[in-house]
Amino acid sequence: MDGLVTLKDMKPGQRGEVRAFTGEPGCKFRLMEMGLLPGTEVRFIRRAPLGDPMQVEVRGFQLSLRQEEAACIGIAVA
C-alpha cells in the first residue's frame, strides 16, 4: 500500500478514495458488502471517545467500523 494511508489513520473531516485492502479475504468481502468498493469516496467523520469504533460516510450513509477493520483499508487521501 505504497503512498496510501489506512482508514484508521485518517483525521476527522478528511476525504479519500478506497484503493486497496489487506488482511484476510473474509474481512475484505465483508467490507465490500458494506459498500467500501475500490474507487468509492469516503469521508472520515469522527472517532468514539475511547477510539473505537470510528464513523465514516460512504455513498451517502454513515457507517461505524472497528479500528481493526479500518486498518485493512488503503485510502488515497484527497
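Data block above holds the structure.
Counting restarts for each chain: residues are numbered from 1 in the order of the written sequence. Two thresholds apply to this predicted model, a pLDDT of at least 70 for residue-level local features and 80 or more for giving and counting side-chain atom pairs, whereas whole-chain, interface and lining totals are computed over all residues. Only hydrogens and water are removed before side-chain values are computed, so all heavy atoms of the structure are retained for them.

In terms of residue burial, strand β4 (residues 54–58) counts as a mostly covered element, since 4 of its 5 residues are buried. Pairing between strands is defined by DSSP: at least two bridges between them are needed. Helix numbers and strand numbers start at the N terminus; a helix is a DSSP run of H or I with at least 4 residues, a strand a run of E with at least 2. Looking at chain direction, strand β3 (residues 41–47) and β4 are connected through 5 bridges and run antiparallel. Each residue of the ladder has a partner; that of Arg43, found in β4, is Glu57. Linking β3 back to β4 in an antiparallel pair, the connection comprises 6 residues, with Gly51 at a positive phi of about 95°. In the sheet, β4 pairs with strand β5 (residues 61–65) via 5 bridges, with the strands oriented antiparallel. Following the sheet pairing, Val56 is matched in β5 by Leu63. Turn length for the β4-β5 hairpin, with the two strands adjacent in sequence and antiparallel, is 2 residues, and the turn residue Arg59 shows positive phi of about 55°. Buried residues are those whose accessible area, probed at 1.4 Å on protein chains only, stays under 20% of the maximum for their type, while exposed residues exceed 50% and partly exposed ones sit between those limits.

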